[in-house]
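# Structural features, examined
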Amino acid sequence: MTQPQEKRREALERFLQQFFGPGNGVWPGMSPDFRYKDRTLPFVEALRRGDDAPVVLPRTYTDRDRFVMYVIARDVNDRAKTADLIRAFAGPTYIAYDEQVGIQPVWLDPDDPVEQAILDFFSQRPTFRLETGRTLDHKRNLANALQLMQSTEASRPPRLWRIAKPVGRLLAEFEAALSAGAEGASGVVLDHLAATGGVTAFNLANLKIKRLDRLGRSEELLGSPDLPDVIRQDPPVPVKEAILNAVYAALEEPLADNDLPTARQRLEERGRFVPDLLDVDATSLSAQAIAVLLLAASILEDVPALRRLIEAVKSKNRADELPPVVWEDAVRQLREADGDPLPPAESAPSPGAPSSDSPAGPSSVDSWPSLLEAVAEGRNAGDLALRNRVWASWPSPAADDAVLAAYLDSLENQAADAAWGAAGAFIDAVGYAKPAGLTAHAFIRNAVTFDRFGPGDLAVLQALTEIALRAAPSARTYADILDEIGSERSRWVSPERAPIALDFVDLLFLAACPDLNARSNLAYNLLEPLWRHQGRLTEEDLAFAKRLSSELGVDFTWQPPTGVSGEQETTLADLPSMNVLLYSLDQAVLGRCAEEIERLAPAVKTVTAHDHVGSSQLRQKARAADVIVLATRCAKHAATGFITQNAQTKYVRYADGSGSASMLRAAVAGLRGVAAGH
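Conventions used here
- Residues numbered from 1 in each chain as written.
- Predicted model: local features only at pLDDT ≥ 70, side-chain atom pairs only at ≥ 80, totals over all residues.
- Heavy atoms only, no water.
- Salt bridge = Lys/Arg side-chain N within 4 Å of Asp/Glu carboxyl O.
- Helix = DSSP H or I, 4+ residues; strand = E, 2+ residues; numbered from the N terminus.
- Buried < 20%, exposed > 50% of the residue type's maximum accessible area, 1.4 Å probe, protein only.
- Pairing = 2+ DSSP bridges.
- Core = buried A, V, L, I, M, F, W, Y, C linked by side-chain atoms within 4.5 Å.
- Contact = heavy atoms within 4.5 Å.
- Arc of directions from axis to C-beta.
- Axes fitted to C-alpha atoms, helices over the stretch in contact; angles between N-to-C directions.
- Left-handed = near helix turned anticlockwise from the far one by under 90°.
- Polar contact = N/O pair within 3.5 Å; in protein donor to acceptor, adjacent residues only side chain to side chain.

## Some remarks on the pattern of salt bridges
A complete count under the given rule lists 34 salt bridges for this structure. Salt bridges sharing common partners tie together Asp506, Arg547, Glu551, Arg592, Glu595, Glu596 and Arg599.

Right, here's the structure in full:
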């Protein structure tokens, strides 16, 4: 043994003595006479051998009834891969974790001697602290699953199992996940971006602000310590819009009551950043953001800003989208300042005129075909257009549907891979209004071709499928779409991803069906893996799978649910009386989810909402709810900020997708949280 190897061995033994020292009762002092040492020895031996697998070490707290397993990544960059391994071997069956955030590393406590030992020896390596139920069976099952994980990884031939994704691809995944309403996936991608260090702190802060805006967490957004620096560095238009949207959340209630004085007072209290944003190009902003700017210009008596904003609104004929009291007050003030009628709309700058916030020059893009072309060719103009969301003021992609689909299908591999970067913008722009079925189908082919089956990718694939099916495809096209989605099902359908698979099946039920055989085949192929592993499904997933199986005529025999962990052994039927508010812009999804909750938990009262803006009725629903579940797809047109502003419960959950199963799982997690009192 060389000297460095000897030093390494000595350091490892010191770590083991410290880890199994005070605070850890699983193998006190590593005594050779300890009765249960054989349970822990395999994990210690794996660490001593230096197997090519994550480190796994158990702990029993000595001051309370708590058992945990620490899983430590082999490399600082192996965070995502280690989480995937844990999910694959232990998953939700053997461990307890928040579905909203997934399996994530933890911050270790330096005041805890056992965790300090991990910090000293493994430094910054991602460490996961896994908990299970309190019975001996729960502990044994978790230990066996993680031991199998270690032995399987150790027996594999040496290989490079970490493939770093380019930052550009991660950014595209982040934007697409946000657009598809994949809250958890967008958070995970954001963490990956922070861990890789491929983006500046300024850009990372911008991404966080956009995500908080999408979730309607206006208080958290406005309280961000990064906000002053972000504004000082002149962020892109979407970030400015996110900040203005957050300010508007405080004004929405008085404006809904036509109470202009109170709205002005609240803006003066909460809008300290707004004067620095008055020069933004308002052409493509949301109505909420424009309302904040108009009110601010009115308070500040900034006539040039007021004139420019009013002209921008009139040039796009958007006055009807604004709160009437704000628009009428702004128009009145400008007239009084000018002493003359408003200038004609023709005097407004042309929509294509360059501004400080929009890309300028001959490389600018001004339509969906030119945007896709620029993105596919990797030109900066495409990146700028996406970053500044210039497409927000364009007609829907449905207007160029056939052209866009033909262009996507004509691309070579490298360009097609790059074109995926526009998928999120496409989903956002289409929304729930005019479907662009051909383009959505072309993006689906792109996803299948490039193996885009990560959690965020699957949420995007589901959103694209919803758009494609809503466009009423022919029987042949319908069958092609379903065949493409099911072609690689074995790579992504599993009990751990049951809500995603169930969202797809539910979509088949909700959409018009021109080919019953194609629908039945895909439903069978998506449900069959869940049926085979039904013992690993949660109660709500199992119940919804059973319902879909019956509705679509897919004949499986489903067993009654069985408890898994200690906290989840309480059945939904035993939940006490509670109120849950479900919010989505998709009314069909709301109805399906509400029906299932009321069937599974009869004592729970369910109300739904799909309002685009705040109202007194929505405020009452938000205040009365014990649990609130939000689907954030198409949040640009949603009232998520108004709901979170008026919520009086801490149990606000986000569906990690836009389908019924995703919403149901989020609702059940919230209800169980209330029932458990944590």
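## Considerations on the environment of Glu220
Within the element layout of this structure, Glu220 appears in helix α10 (residues 218-222). For Glu220, a relative accessible area of 42% gives the class partly exposed. In the structure, Glu220 is positioned 220 residues away from Ala440 in sequence and 34 Å away in space, judged by C-alpha atoms.

## Some points on the pairing of strand β1 (residues 55-60)
The element β1 is extensively covered by neighbouring structure, given that 5 of its 6 residues are classed as buried. Pairing analysis gives 6 bridges linking β1 to strand β2 (residues 67-72), with the strands arranged antiparallel. Its bridge partner lying in β2, Arg59 is registered against Val68. In this antiparallel pair of consecutive strands, β1 and β2, the connection spans 6 residues.

## So, the nonpolar core
Taken as a class, soluble globular proteins show a tendency for nonpolar side chains to be buried jointly. One finds Phe426, Leu464, Trp492, Leu582 and Met663 to be the most contacted residues of the largest nonpolar core, which totals 104 residues. The dominant element in this core, judged by the number of residues it contributes, is helix α23 (residues 455-470), at 9 residues. Those residues in contact with Trp492, other than ones at most four positions away along the chain, are Phe453, Leu458, Ile485, Arg497, Ile500, Ala501, Phe504 and Leu526. Ranked by size, the runner-up nonpolar core spans 52 residues in total, among them Leu221, Leu267, Leu306 and Ala330.

## Examining helix α18 (residues 380-388)
Considered for burial, the residues of α18 that qualify are Ala381, Gly382, Ala385 and Asn388. Seen along its axis, α18 keeps its buried residues to an arc of 145°; they face one direction. Of the residues one or two after α18, Arg389 is the one with positive phi, at around 50°.

## Remarks on the packing of helix α27 (residues 539-551) against helix α28 (residues 587-600)
The contact between α27 and α28 brings their axes to 11 Å, and the two run at 115°. In this structure, α27 meets α28 at a crossing whose hand is right-handed. When α27 is examined against α28, the residues Glu540, Ala543, Phe544, Arg547, Leu548 and Glu551 are found in contact with a partner set consisting of Arg592, Glu595, Glu596, Arg599 and Leu600.

## Description of the environment of Ser224
With respect to the helices, strands and loops of the structure, Ser224 is situated in the loop between α10 and α11 (227-232). For Ser224, a relative accessible area of 17% corresponds to the buried category. Through-space distance from the C-alpha of Ser224 to that of Ala205 is 9.1 Å; in sequence the pair is 19 residues apart.

## Let's talk about the side chain of Gln150
Within the secondary structure, Gln150 sits in helix α6 (residues 136-155). Relative accessible area serves as the criterion here: at 8%, Gln150 is assigned to the buried category. A polar contact of 2.9 Å, which involves the side chain of Gln150, links it to the backbone oxygen of Pro54. Once residues within four sequence positions are removed from consideration, Gln150 is found in contact with Phe43, Ala46, Ala53, Pro54, Val55 and Val56.

Note that all results are geometric; they support no functional claim without further evidence.
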